[in-house]
Amino acid sequence: MLELLGATSASGLTERAAEAGTGRDEGLVHLERLPARRARTTPVPDDVPPALSARLEHAGITRLWSHQEQAWRRARDGEHLVVATGTASGKSLCYQLPVIESLLADDRTTCLYLAPTKALARDQLRAIRGFRLPQVRAAAIDGDTPKEEREAIRRTANWLLTNPDLLHHSLLGGHRMWADVLHRLRWVIVDEAHAARGVFGGHVALILRRLRRLAEHYGAAPTFLLTSATVGNPGEHASRLTGLEVAEVVEDGSPRGPLHLGLWQPPFVDGPAGGARDPDGDARGPVGGGSGPVITAPEDEPTTRRSMLAETGDLLASFVAAGVQTLVFTKSRKGAEVVALVAQDRLGEATDADGTRLADTIAAYRAGYLAEERRELEARLRAGTLRGVAATEALELGIDVSGLDAVILAGWPGTTASFWQRLGRAGRTGGAAAGLLVAQEDPLDHYLVTHPEQLVTRPPEDAIIDPANEHLLGPHLRCACQELPLDEVEAAQRFGDTAPGLLAADAEAGILRRRRERYHWTSRQRAAGQVDLRSGGGRTIRIVDTGTGALIGDVDEARAHRQVHTGAIYLHQGRTLEVAELDLDRQLALVEEVGQRSWTTRPRSDTDVRVLEELEASDWSDVEVRLGRVEVTTQVTGYDVLRLGSDEVLDRIDLDLPALELRTVAVWYALTEDDLADAGLSPRIVPGSLHAAEHAAIGMLPLLALCDRWDLGGLSTAHHPDTDRATVFVYDGHPGGAGLAERSYRRLPEHLAATRTTIATCGCPDGCPSCVQSPKCGNGNDPLHKAGAVRLLDLLLDRAPHDGDG
């Protein structure tokens, strides 16, 4: 710990760290020093309108960073652009300058701004109004905006700030009321475009195609400007989102102070960690293309690491005690609360030199705060009276935080873009800063903290969307037909080659009516109301607190069987509830508060995969590697009652729930018995070896694509009837697929190599959540054979094609 804080001597933290020395630095796996980056600037161009130039000068802006000037010049020429630069690089100015310039020239033109959250749209509204230019009449409009206020905005505003949900549900469906706005539409801004990925991104892409269609109907051809975090494919992603050719602005001209980055692994609770041992006792080395042997360890080595949240809370307390203003990012609201409480408890009654109780300078930030509460939090942070904040990602897009000394990430945030974006909250004014990643028990976390070169130097993941997914496309085509009747030629041009077939199928089913070569929506219900932008289809189960009658959440039906089945323990805002009844007919999960329990629940399930169609095939010697369409049948058969904090089963309860079917896309590999024998895998350990490799591969796929393991599913079996071999499947967890399994197939050797490495280098003896155990396994993580999984992956890598192979 001292080493990490001492590294930030440029910001004066060394002495303060020494005074608060914790003596606990055994978790520090790696320390990386990232150098500062100098700014590249240019004077504000002379052809910027005088009124705008004066406002910039009033705000202290006399020079632009190079990417801001480049974006302004290219946008004013009508080029569709995506600006993908780092945190605090002034991306907002990249679209504010050209839009404001055009409004100064003609305030009858309009701009539509889309943000992923209401809070971000409101913050941008404040920034735009801060220019205090009468020609710029900006207004935010969302689902909470009263009807009378909407009418006033529609008549007077020329810069509308909203979100994809309102655009889908209100503006497009009621486009005749917004005809004047659409007729004069000059600009469409898509902020934080990297958030539009996966199923949600597919929906957004189709909404933007519908928007372009209506704008052109009213005679407009707007320029699209997008901002994004530093994803791997900003131009490609922006083009797929908009359906247009979008150019990139990616050379970041903003300055960055030096960053001292620590990677922290919570220790095993019962003693030092060993390596990975082979339960069979075979001292077998790697087969073929492995990256090193599996380390052996004594049988009595511990297999459980200290809680990541407890470790993070202790670290936050140490930073605050050292006088280091620190922000912690957690993955859940409850996690933020736990971290703050742990830090406050550890500090106890300790005070600073002024007598201020340190525990009172730490707070948790959660979603749902009012704007006034967010402003108060910002003010306390700026004043330095709030020295430690534990927050969820709600803070990332909903609050303006800058100038912090340190950022701690409680677990890998899921993407490289989020990793650097959150670390960028520290030292945003150009000063030195400290960053710390605390690994949770997850294969990807373990891999990254033990391979710092991969974390620091590897390119960011690609953002993946699939607007051609028929489960998304079909409902949006119905919306388009309700907005304006649609013929097959236009459908193919705007929505892709599969659109005409989907229209014809809907007409055959009576959902649409074909008249004079055009398809019409015939129902009195709104087509948009049948589309949930946050899911890939299926029903939504509402979660109701029986004690208050309040709706406390919802979940799609596929997850409801696992998360809110009858008898399940459900956590909500720090409260422990039990599901009294899951009523699928009424789409309700009724829960009741039960207080703290010494036990929790874990669902059991059976899964079957049936191959429907092979899309692509590759043979690695005798190993069959395939990409194809599959049908996944999953049935939750019951649940185990577990003693809290352990895997001890206290009771096993059976359930009678219907099976769920999912048609999606999968990647799979299939091996012969001879292959398995070559790897030294006896029939007894084959199921556990395949199962362990499947779990770890699912955990590692987010290394290649913007997703998390909950977007994926898998199945492993010693004999599958469709392949007649031992087979491992990894499939997209969304109807029709989301492009994730395909990404694995395209980069399978890289995917399997990273999987092999994270298993082999984990310090547990038999497998743990950091390598081969999965939190979503329907079989209770049994059987698993860690060493066998490494042998299996060595065999696959030995057979895999190498660069230059045909």
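Right above here is the structure, for reference.
Residues numbered from 1 in each chain as written. Predicted model: local features only at pLDDT ≥ 70, side-chain atom pairs only at ≥ 80, totals over all residues. Heavy atoms only, no water.

K.L.:
Describe the packing of helix 26 (residues 748-760) against helix 27 (residues 786-799), naming the residues involved and giving the relevant values.
P.N.:
With their axes 9 Å apart at the nearest point, helix 26 and helix 27 run at an angle of 150 degrees to one another. What the angle tells us is that helix 26 and helix 27 run roughly antiparallel. Crossing of helix 26 against helix 27: the hand is left-handed. Touching Pro749, Leu752, Ala753, Thr755, Arg756, Ile759 and Ala760 of helix 26 are Lys786, Ala789, Val790, Leu793, Asp794, Leu796 and Leu797, all from helix 27. Its residues assigned to classes, the contact of helix 26 with helix 27 shows 10 nonpolar, one polar and three charged. (Axes fitted to C-alpha atoms, helices over the stretch in contact; angles between N-to-C directions. Helix = DSSP H or I, 4+ residues; strand = E, 2+ residues; numbered from the N terminus. Parallel < 35°, antiparallel > 145°, perpendicular 65-115°, else oblique. Left-handed = near helix turned anticlockwise from the far one by under 90°. Contact = heavy atoms within 4.5 Å. Nonpolar A, V, L, I, M, F, W, Y, C, P; charged D, E, K, R; others polar.)

K.L.:
Residues and numbers for the sheet that holds strand 22 (residues 569-572), please.
P.N.:
Within the open sheet, the five strands sit side by side as 21-20-24-23-22. Their pairing is mixed. Unpaired on one side and paired on the other, strand 21 (551-556) and strand 22 mark the two borders of the sheet. Mean inter-strand twist for the sheet, computed between neighbouring axes without regard to direction, equals 35 degrees. By the bridge criterion, four bridges tie strand 20 (residues 540-545) to strand 24 (residues 588-593) in an arrangement that is parallel. By the bridge assignment for strand 24, Arg542 is matched with Leu588. (Pairing = 2+ DSSP bridges.)

K.L.:
Tell me about the packing of aromatic side chains, and name the residues and values.
P.N.:
All chains considered together, the criterion is met by four aromatic pairs. Ring plane angle 35 degrees and centroid distance 5.2 Å describe the contact between Trp412 and Phe419, whose orientation is recorded as tilted. Here the two residues Trp412 and Phe419 agree in accessibility, since each one is buried. Phe419 sits in the buried class, given a relative accessible area of 0%. Joined through ring pairs, the aromatic side chains of Trp412, Phe419 and Trp420 make up one cluster. In this structure, Arg154 is placed above the aromatic ring of Trp178, and the distance from its NZ or CZ to the ring centre is 5.3 Å. When the ring centre of Phe329 is taken as origin, the NZ or CZ atom of Arg422, which lies over that ring, is 5.1 Å away. (Phe/Tyr/Trp six-rings, centres within 6.5 Å; stacked < 30°, edge-to-face > 60°. Buried < 20%, exposed > 50% of the residue type's maximum accessible area, 1.4 Å probe, protein only. Lys NZ or Arg CZ within 6 Å of the ring centre and 35° of its normal.)

K.L.:
Account for the pairing of strand 30 (residues 725-732), naming residues and giving values.
P.N.:
Along strand 30, eight of the eight residues are buried, which leaves the element largely enclosed by surrounding structure. Taken together, the six bridges between strand 28 (residues 660-671) and strand 30 define a ladder with antiparallel strand orientation. Paired with Trp668 across the bridge in strand 30 is Phe729. In this sheet, strand 30 lies alongside strand 29 (residues 712-720) in antiparallel orientation, the contact comprising seven bridges. When the sheet's bridge partners are listed, Gly714 is paired in strand 30 with Val730.

K.L.:
Account for helix 13 (residues 333-347), naming residues and giving values.
P.N.:
With 15 residues, helix 13 ought to run about 21 Å at 1.5 Å a step, and its terminal C-alpha atoms sit 22 Å apart, in line with that. Where helix 13 is concerned, the buried positions are Gly335, Ala336, Val339, Ala340, Ala343 and Leu347. Projected down its long axis, helix 13 carries its buried residues within an arc of 130 degrees, all on one side. Two residues or fewer after helix 13 comes Gly348, characterised by a positive phi angle close to 55 degrees. (Expected span 1.5 Å × (residues − 1). Arc of directions from axis to C-beta.)

K.L.:
Provide a residue-level description of unusual backbone geometry, including the pertinent values.
P.N.:
Cis geometry is found at the peptide bond from Asp782 to Pro783, where omega equals 0 degrees. Within the fold, Pro783 resides in the loop between helix 26 and helix 27. Positive phi outside glycine occurs at Glu192, with the angle close to 55 degrees. You can see Glu192 is positioned in the loop between strand 8 (185-190) and helix 10 (198-217).

K.L.:
Lay out the environment of Gly549 in plain terms, naming residues and giving numbers.
P.N.:
Residue placement: Gly549 occurs in the loop between strand 20 and strand 21. Relative accessible area serves as the criterion here: at 55%, Gly549 is assigned to the exposed category. Sequence-wise, Gly549 and Leu590 are 41 residues apart; in three dimensions their C-alpha atoms are separated by 9.2 Å.

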